[in-house]
Amino acid sequence: MLLTENQNHGGSKMANLDGPGVIDSIPTHPMGIKPLGNQYFADGPNARQYTGVFGQLPDEMILHLLEYLDAISLRKLASTCRFLYAFGQLDDLWKTLFVEEQMNSKGKSPVWKGTWKATYLNIPAEARSNIDCSNIFSDVLHRPFVCSHIALEKYASTIPASNKISRLANLSYDEFAQNWSNTPFILTDCIRAWPVCHEWSIQQLLRQFPNVSFRAEAVDWPFSTYHEYMSENNDESPLYLFDRWFAEKMNIDIGSQENSVYWAPDCFGPDLFEVLGAERPAHRWLIVGPARSGSTFHKDPNATSAWNAVVQGSKYWIMFPPSSQVPGVFVSEDNSEVTSPLSIAEWLLEFHTEARTIPGCIEGICKAGEILHVPSGWWHLVVNLEAGIALTQNFVPNSHLADVLSFLKNKPEQVTGFNRGIDSPFELFVQRLEQDYPELLSQALDELERRSQKKKRKWEEAVGTKEEEANGSGGFSFGFAEEDEEEIP
């Protein structure tokens, strides 16, 4: 993709050389930095030629080297020339330094000053440098600014009819179990009775819990500090408040009690992980974030299903079936590692159009007062279209008990959320299910045995074919698979 600046209006346009033309309009970078392609139209000197030995390195390598510097070294290097000064202003470098310091100290909460650099160095607004960098041409420096200013609504609109997520008023448990447990959907009326839907807002949380510390990715901040950050930041990927202990911290009740602020919807039926009691893995979270915050592509832990309820704001979701190869997402052979080297904004810019054409792609916007279902194993990316609050919970429905048991048994190194003192989550879960749901357990274990035998047969057939070919006896054959044969998980 080529980035060029709109010379007439002072903004930047991203033009896709393989596409129909301009796909986004971006304001002028506050420091005057321009995309790399603009150097071919510039008349004056290029700041890069005054960088000494650094001029021999590509911008990506320079950024990588700067990631190893401490704050003092970074400031010193940034003072040597205009080009390196621009690198020294990249807020992601200062975000890393800030988070490392926070993790290594138990000091008081910071005062957010609008940028990570200003916050880390405690620089007041009037003391911040403002050097003209209009003769710097770099995609590495310009692209984070582009990604923090893309119009998210554009990617959440014009959803192809075949991709639209199903929207239903409500479901009974029988309807869910029979027809919907393997399919994403949105319920529009299911959670309207929750007190949080009428009582909670970001401002209300600020008034009631200003000094309560919540986890926002790698930092623990009082909500008042996080609110300041939400209100004033230009991060490409803003911090996402994602706290598992919110109920205890806020002293609220959840469930069937009289004073509960919300409860799990009846339509999803019994959550079989409840048999674990206090030993169940982490399963519910409070989510708060500004526009652009969200989660890159992932599957929910331990093969669980999930629901995500929007209390305030709106979220864009794009989802794919378990077996899909999602563009821009790289999975290790044993599925233990998922690498998505791009931020949400970068993924939208680079892969969104292609992804929409993949069979099984499902998209939708979940609005305030609505709840979305994420089936076990489904890939999903979610981004806030505006500042908002959500509640989410992972659960194990009857229909996916075999999937969860298989995961716990066959992928113990990938199991997460359990207390470290639990040696075998699989054995613990089986033991508790034997006590409370012996018939369901028996059916699930039978299903696991059928899957194992089917996998074994396929392996033997494949090995047998190879041996026949090696012995020269493998001729052409043609046949149909059994009509009801399922895909091997």
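Because the structure is a prediction, the values reported are computed rather than measured.

Visitor: Would you mind going over the overall build of the chain with me for this structure?
Guide: Scanning the chain from N- to C-terminus turns up 16 helices and 18 strands. Taking contacts inside the chain between residues at least 6 apart in sequence as the whole, the part at least 24 apart equals 76%. Carbon together with sulfur atoms contributes 49% to the accessible area of the chain, which is approximately 25300 Å² in total.

Visitor: Honestly, helix H13 (residues 344–355) in this entry has me stumped. Any pointers?
Guide: Residue pairs three or four apart in sequence face the same way in an α-helix, which turns once every 3.6 residues. An ideal rise of 1.5 Å per residue puts 16 Å on twelve residues; H13 reaches only 13 Å between its terminal C-alpha atoms. When we look at burial in H13, the residues that qualify are Ile 344, Ala 345, Glu 346, Trp 347, Leu 348, Leu 349, His 352 and Ala 355.

Visitor: Could you clarify how one ought to interpret the sheet that holds strand S17 (residues 379–384) in this entry?
Guide: What holds strands together in a sheet is hydrogen bonding between their backbones, with the strands either parallel or antiparallel. Within the open sheet, the four strands sit side by side as S10-S17-S12-S15. Their pairing is antiparallel. Edge positions in the open sheet fall to strand S10 (294–298) and strand S15 (362–367), since each of these has one partner strand only. If you compare each strand with its neighbour and ignore which way they point, the axes differ by 15 degrees on average. Where strand S12 (residues 314–320) meets S15, six bridges bridge the pair, whose relative direction is antiparallel. Bridge assignment links Tyr 316 to a residue of S15, and that residue is Ile 365. Contacts between H13 and the sheet are confined to S10, S12, S15 and S17, with S12 contributing the most and set at about 50 degrees to the helix.

Visitor: I would appreciate a short explanation of the packing of helix H6 (residues 139–147) against H13 in the present structure.
Guide: Helix packing for two helices is described by the angle between their axes and how far apart those axes are. Viewed as axis vectors pointing N to C, H6 and H13 meet at an angle of 95 degrees, and their least axial separation amounts to 9 Å. Regarding the angle of H6 to H13, the classification is roughly perpendicular. Between H6 and H13, the residues in contact are Arg 143, Val 146 and Cys 147 and Ala 345, Glu 346, Leu 349 and Glu 350, respectively. The class makeup of the residues in the contact of H6 with H13 is four nonpolar, no polar and three charged.

Visitor: Before we go on, may I ask you to explain the pattern of salt bridges in this structure?
Guide: Oppositely charged side chains may form a pair once their charged atoms are brought near each other. What the rule picks out here adds up to twelve salt bridges. Its salt-bridge partner being Arg 215, residue Asp 220 comes within 2.6 Å of it at the nearest N-O pair. The exposure class assigned to Asp 220 is partly exposed, which follows from its relative accessible area of 37%. Here Arg 280 and Asp 271 are joined by a salt bridge, their closest N and O atoms 2.9 Å apart. For Arg 280, a relative accessible area of 12% corresponds to the buried category. One network of salt bridges, in which partners are shared, links Asp 403, Glu 447, Arg 450 and Arg 451.

Visitor: Explain the packing of aromatic side chains here, please?
Guide: In this description, an aromatic ring pair is defined by two values, namely the gap between the centres and the angle between the planes. Considering all chains together, one arrives at 27 aromatic pairs under this definition. On the numbers, 5.6 Å between centres and 75 degrees between planes, the contact of Trp 180 with Phe 185 is edge-to-face. For the pair Trp 180 and Phe 185, one class covers both residues: buried. Members of the aromatic cluster, joined through ring pairs, are Phe 98, Trp 112, Trp 116, Phe 214, Trp 221, Phe 223, Tyr 226 and Tyr 229.

Visitor: Just to check I follow, could you spell out the pairing of strand S16 (residues 371–374) for this structure?
Guide: Successive side chains on a regular strand alternate, one facing one side of the sheet and the next facing the other. Residue alternation in S16 divides its side chains into two sets, Ile 371 and His 373 and Leu 372 and Val 374, and both sets are buried. Note: strand S5 (residues 185–187) against S16, three bridges, orientation antiparallel. If you follow Ile 186 over to S16, its bridge partner there is Leu 372. Taken together, the four bridges between strand S11 (residues 305–312) and S16 define a ladder with antiparallel strand orientation. When the sheet's bridge partners are listed, Trp 307 is paired in S16 with His 373.

Visitor: Even after reading the chapter, I still don't get the nonpolar core, so can you show me in this structure?
Guide: It is characteristic of soluble globular proteins that their nonpolar side chains tend to be buried jointly. Core analysis: the largest hydrophobic core is formed by 69 residues, its most contacted members being Trp 200, Tyr 226, Phe 246 and Leu 286. Setting aside residues up to four positions removed in sequence, Phe 246 forms contacts with Phe 214, Ile 252, Ile 254, Tyr 262, Arg 284, Trp 285, Leu 286 and Leu 391.

Visitor: How should I be thinking about helix H11 (residues 223–231) in this particular structure?
Guide: Regarding H11, the residues found buried are Phe 223, Thr 225, Tyr 226, His 227, Tyr 229 and Met 230. Contacts from the buried residues of H11 go to helix H5 (116–121), helix H10 (202–208), strand S6 (213–216), strand S7 (219–222), strand S8 (241–243) and strand S9 (284–289).

Visitor: How should I be thinking about the environment of Pro 290 in this particular structure?
Guide: Following the sequence through the fold, Pro 290 ends up in the loop between S9 and S10. We classify Pro 290 as buried; its relative accessible area is 6%. Spatially, the C-alpha atoms of Pro 290 and Asn 233 are 9.2 Å apart, while their sequence positions differ by 57 residues. The residues touching Pro 290, leaving out its near neighbours within four places in the chain, are Tyr 226, Met 230, Asn 233, Pro 238, Leu 239, Asn 384, Glu 386 and Ala 387.

Visitor: Just checking my understanding: could you explain the packing of helix H14 (residues 401–410) against helix H15 (residues 425–436) for this structure?
Guide: Where H14 meets H15, the axes come as close as 8 Å, and the angle between the chain directions of the two elements is 145 degrees. Within the contact between the two elements, H14 uses Leu 401, Val 404, Leu 405, Leu 408 and Lys 409 and H15 uses Pro 425, Phe 426, Phe 429, Val 430 and Leu 433. A breakdown of the residues in the contact of H14 with H15 according to their chemical character gives nine nonpolar, no polar and one charged.

Visitor: Looking at this structure, how should I read a negative patch on the surface?
Guide: A cluster of acidic residues, Glu 333, Asp 334, Glu 337 and Glu 413, forms a negative patch on the protein surface. Residue position: Glu 337 is located in the loop between strand S13 (330–331) and strand S14 (338–339).

Visitor: Teacher, can you tell me more about the confidence of the model for the chain here?
Guide: When pLDDT is low, close inspection of the predicted coordinates is not appropriate. With 89% of its residues at a pLDDT of 70 or more, the chain has an overall mean of 89. Below a pLDDT of 50 lies the segment residues 473–489, which in the model reaches eleven contacts outside its immediate sequence neighbourhood of four places, other chains included.

Visitor: It is not clear to me how unusual backbone geometry should be interpreted in this structure. Could you clarify?
Guide: Excluding glycine, residues mostly carry a negative phi; peptide bonds, for their part, are mostly trans. Of note, the phi angle at Arg 292 is positive, near 85 degrees, even though the residue is not glycine. Tracing the chain through its elements places Arg 292 in the loop between S9 and S10. According to the relative accessible area criterion, Arg 292 is buried, its value standing at 17%.

Visitor: In this structure, what is going on with the environment of Ala 303? I would like to understand it.
Guide: With respect to the secondary-structure elements, Ala 303 resides in the loop between S10 and S11. Sequence separation between Ala 303 and Ser 406 is 103 residues; the distance between their C-alpha atoms is 8.7 Å. Discounting residues that sit within four places of it in the chain, Ala 303 has contacts with Ser 376, Asp 403, Val 404 and Phe 407.

Cut-offs used in this document
- Residues numbered from 1 in each chain as written.
- Predicted model: local features only at pLDDT ≥ 70, side-chain atom pairs only at ≥ 80, totals over all residues.
- Heavy atoms only, no water.
- Helix = DSSP H or I, 4+ residues; strand = E, 2+ residues; numbered from the N terminus.
- Contact = heavy atoms within 4.5 Å.
- Areas by Shrake-Rupley, 256 points an atom, 1.4 Å probe, with all protein chains shown as cover.
- Expected span 1.5 Å × (residues − 1).
- Buried < 20%, exposed > 50% of the residue type's maximum accessible area, 1.4 Å probe, protein only.
- Pairing = 2+ DSSP bridges.
- Axes fitted to C-alpha atoms, helices over the stretch in contact; angles between N-to-C directions.
- Parallel < 35°, antiparallel > 145°, perpendicular 65-115°, else oblique.
- Nonpolar A, V, L, I, M, F, W, Y, C, P; charged D, E, K, R; others polar.
- Salt bridge = Lys/Arg side-chain N within 4 Å of Asp/Glu carboxyl O.
- Phe/Tyr/Trp six-rings, centres within 6.5 Å; stacked < 30°, edge-to-face > 60°.
- Core = buried A, V, L, I, M, F, W, Y, C linked by side-chain atoms within 4.5 Å.
- Patch = residues over 30% accessible without salt bridge, like charges linked within 9 Å, V, L, I, M, F, W, Y side chains within 5 Å.
- Lys, Arg positive; Asp, Glu negative; His and termini not counted.
- Charge placed at Lys NZ, Arg CZ, Asp CG, Glu CD.
- pLDDT = per-residue confidence, 0-100.

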